[in-house]
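Inside the fold
Residues per chain, in single letters:
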Amino acid sequence: MPQEPNAMLQPGHCHYPRFISPFLEMTGITGSAGTGRSSRLHSVFTYAARPAIPFCLYALTPTTPPTAPPNPLSRHSRSFHRKEAPPLAGCAGALGPLKMASSVWWRRLRLRLRPRPSHFPHRSCSAKTVPALDGTEESDLTEKISIKTFSELQAERHEQAERTILISCPPNISEKKFYKYISSYGAINKYFFYETFGIYAVVEFADKDSIGMLKSFSSIPSLQHECAIPFKSRFFSLVNNHPRDLSAAQPSVSCLKQSVIPLNELFRKLSGTESIDEQLYTICKEYQLTEENARLRFLVCSLVKDIAVAYFPECSVKPFGSSVNNFGKMGCDLDMFLDLDSISGRSNPKKRSVFSMEYQTKRVASERVATQNTLSVIGECIDQFAPGCVGIQKILNARCPLVRFSHQPSGFQCDLTANNRIAMRSTELLYIYSNIDPRVRALVFGVRCWARVQGITSSVPGCWITNFSLTMMVLFLLQKRNPPIIPTLDQLRDLAEAEDEYIIESHDCTFVSNNKIKPSKNTETLEELLQEFFEFYGNFAFNQLSINIRKGKEQHKPEASPLYIQNPFEQALNVSKNVNQTQLEKFVTAARESAWLLQQERLKQPVSKTKPWGLATLLHPSTQSSGGRSKKQRQPASERIRSLLDSLKTNKQTSGFLNGQNTRRRHICTVAWSSPL
């Protein structure tokens, strides 16, 4: 083992270690005394006398430490106690058997010679990432996404996540000291802080090798009454070794929001706008996923992948659904797809020879059984080994088997599925629709917000209308405008090229994947589209017709479900099969009442900066009484249950009323006040 640096070097002298001299001469770095290079190298090799950095990283899933572990705070001890170091390319002959030691010194040399920023240029700011939407120009994030295909964006996000770590930080952390310590392992592209069950930092390195270097220097926490599981993830704890230095300091990091804006604050912002169009864009801006939240979701998928690759080295874990389709709301669940189809060897062409090789594998009765077995094992590993993952539930007998768990550091409720490729195609389809016209996202976010306030949707699974069903209803309305704002799925299929062809289990999932869709010539405002949404579905013949975005027109229902929305790819399935008649009637009544309220001239224009108007009146709890209809008192639980049973008995008698006999959409809403459902 080489001597300690402070034993070889003395302040005031510029003697270099013997093993690195050949390399310095070969590269021409060494020079006469007093030159810039020589003085810079002198500062590299005399760093041992400087004070140690007051932090160290502890792996949350450690291995057994050595008998005499090195001091993680000492820079030179970290160098000489490294277990692995990549060799110097092209210098093996010059360095000979001392290649390991020289590579350590070369890492120190590169770290010391690279330029240091005087401020924090990599600090991520949500205000710059997601600027306000004004109805005419999309945000910088939307413009950046719109020029990329779904697959290109996914690949970029996954590559970023592979270079990213998650750190649990101590309270009163100093951002300056944090950046100085973390950047000692490698250049940082981006980082940001957020708060859930504590303060956490997400750090993206410029080079993936920096994570390996950080892992090699991270130590194991000392546990007195517990035993740590030896699984090393990219989730670390930053431990303050000098607590007295920061005990009296105020928190110096700004944590980005990871939750939905409160309703009272949303009302205040909506009341201060000048048009209903601006209100809808404001809801979209406040509810959409931020750049940082999207990065955190891909990071969680990457952490789950680190567990799955132990069994399937070539697999990938991809987010789908609202997390990546541009319709995601802050706080929405994280749906993940364990992709095993990317494993090589499934369709390799067999060589024309006497023999060919195949892998020996376990064989089960069906693909569903294989999916259930795979998810069961991965779910058990997440439960036993993944730090921060709690509440694991294996729901393997569902139509689509899944593993559900909570990732506490991020605050996400996660669902992990496998063999769910159609869901990935549905996600990409919505992504394409969201980029065709900015009104699409704004209207979807506005309708979803309205439905949640009205109690039409719920975060608890049940008989309520889901956000996905509402999105399908908005897309269907936009397809039926004259001229249409978005094309039908069949029209997207006709625009597809040969490389876009995609067949999944005999289902045609083909549609264009690039930006060949021409913008619509429709000039309707968002206010007109919102009014039309309420009137269209307030008078829709739900008892007879179904909704189909593939064709863009109504079709007769193949079954007697109250609400029938055809799956765009599996057309025999109803995506709203869970909705019962009571919830559908609730939606129709709320749509008619909202259409009536938007027609009132006194509610169309802002009165003051504080009084609700326009869309805010539909979201404010006092609107129903001010609109001309007093709120009913809440009945006792027993009477509510009795009335619910009575409504279930009379569903068949009252379902025909939804069709309606009056075709004048703009005046039937006033009749609904005297003839409620």
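Residues numbered from 1 in each chain as written. Predicted model: local features only at pLDDT ≥ 70, side-chain atom pairs only at ≥ 80, totals over all residues. Heavy atoms only, no water.

**Let's talk about helix α19 (residues 467-479)**
Applied cut-off: In DSSP terms, a helix is any run of H or I states spanning at least four residues, a strand is any run of E spanning at least two, and both are numbered starting from the N terminus. Multiply 1.5 Å by the residue count of a helix minus one, and that product is the helix's expected span. Accessibility here uses a 1.4 Å probe with only protein chains present; expressed as a share of the type maximum, an area under 20% marks a residue as buried, one over 50% as exposed, and anything in between as partly exposed.
Taking 1.5 Å as the rise per residue, α19 with 13 residues should run 18 Å; its terminal C-alpha atoms sit 18 Å apart, in good agreement. A large share of α19 lies buried, amounting to 11 of its 13 residues. Within the sequence span of α19, burial applies to Ser469, Leu470, Thr471, Met472, Met473, Val474, Leu475, Phe476, Leu477, Leu478 and Gln479.

**A short note on unusual backbone geometry**
Note that the residue after Asn482, namely Pro483, is joined by a cis bond; omega there is 0 degrees. Tracing the backbone shows Pro483 in the loop between α19 and α20 (489-494). Phi at Asn172 is positive, roughly 60 degrees, even though this residue is not glycine. On the secondary structure map, Asn172 appears in the loop between β2 (164-169) and α10 (175-182). Accessibility expressed as a relative area gives 21% for Asn172, which makes it partly exposed.

**Considering helix α11 (residues 209-217)**
Basically, it comes down to this: Think of it as the arc spanned by the lines of direction from the helix axis to the C-beta atoms.
Looking at α11, one finds that the buried residues are Ser210, Ile211, Met213, Leu214 and Phe217. Seen from one end, α11 has its buried residues packed into an arc of 160 degrees, which puts them on one side.

**Considering the confidence of the model for the protein chain**
Put simply, the test is: A residue's pLDDT is the confidence the predictor assigns to it, expressed on a 0 to 100 scale. When checking whether two residues touch, look at their non-hydrogen atoms; a contact exists if any pair is within 4.5 Å.
Overall, the prediction assigns the protein chain a mean pLDDT of 76, with 67% of residues at 70 or greater. Confidence, expressed as mean pLDDT per element, reaches its minimum in the protein chain at helix α4 (residues 75-80) with 35 and its maximum at α19 with 97. Within the model, the stretch residues 1-53 combines pLDDT values under 50 with 72 contacts to residues more than four positions away or in other chains. Confidence drops under pLDDT 50 across residues 652-677; counting only partners more than four residues distant or on other chains, this segment forms 41 contacts.

**Considerations on the nonpolar core**
Our working rule: What makes a nonpolar core is a set of buried Ala, Val, Leu, Ile, Met, Phe, Trp, Tyr and Cys residues whose side-chain atoms join them at distances within 4.5 Å.
The biggest cluster of nonpolar side chains holds 84 residues, and the ones touching the most others in it are Trp450, Phe533, Tyr537 and Phe587. What Phe587 contacts, discounting residues up to four positions off in sequence, is Trp450, Ile456, Ile465, Leu470, Met473, Phe533, Tyr537 and Phe542. The next biggest cluster of nonpolar side chains, apart from the first, holds 35 residues, and it includes Phe192, Tyr200, Ala386 and Cys389.

**Examining the pattern of salt bridges**
Filter applied, for reference: Each reported salt bridge corresponds to a side-chain nitrogen of Lys or Arg within 4 Å of a carboxyl oxygen of Asp or Glu.
All chains considered together, the criterion is met by 29 salt bridges. Note that Glu291 and Arg157 form a salt bridge whose closest N and O atoms lie 2.9 Å from each other. With a gap of 134 residues between them, Glu291 in helix α15 (residues 291-308) and Arg157 in helix α9 (residues 150-162) connect regions that are remote in the sequence. For Glu291, a relative accessible area of 7% puts it in the buried group. Arg157 gets classed as buried once you look at its relative accessible area, which sits at 8%. Here Arg404 and Asp415 are joined by a salt bridge, their closest N and O atoms 2.8 Å apart. Within this pair, whereas Arg404 is found in strand β10 (residues 402-407), its partner Asp415 is found in strand β11 (residues 412-418), the two being separated by 11 residues in sequence. Classification of Arg404 by relative accessible area gives partly exposed; the value is 23%. Classification of Asp415 by relative accessible area gives buried; the value is 10%. One network of salt bridges, with partners in common, ties together Arg157, Glu159, Arg163, Glu204, Glu291 and Arg295.

**Description of the packing of aromatic side chains**
What counts, and what does not: Stacked, tilted and edge-to-face pairs are distinguished by plane angle, under 30 degrees for stacked and over 60 for edge-to-face with tilted covering the rest, among Phe, Tyr and Trp rings (Trp via its six-membered ring) whose centres lie within 6.5 Å.
According to the stated counting rule, one finds 23 aromatic pairs in the structure shown. An angle of 35 degrees between the planes, with centres 5.7 Å apart, marks the rings of Tyr179 and Tyr191 as tilted. Of the two residues, Tyr179 sits in helix α10 while Tyr191 sits in strand β3 (residues 188-195), which places them 12 residues apart along the sequence. Tyr191 matches Tyr179 in its accessibility class, with the two residues each being buried. Between Trp450 and Phe587, the ring centres sit 6.1 Å apart and the planes meet at 70 degrees, which makes this aromatic pair edge-to-face. Pair noted here: Trp450 is in helix α18 (residues 438-453) and Phe587 is in helix α22 (residues 581-599), with a separation of 137 residues, a long-range link.

**So, the pairing of strand β5 (residues 235-240)**
Test applied: A pair of strands is labelled paired if DSSP reports no fewer than 2 bridges between them.
Taking burial as the measure, the six residues of β5 include five buried ones, the bulk of the element. Sheet topology note: the β2/β5 ladder contains three bridges and is parallel. Paired with Leu166 across the bridge in β5 is Phe235.

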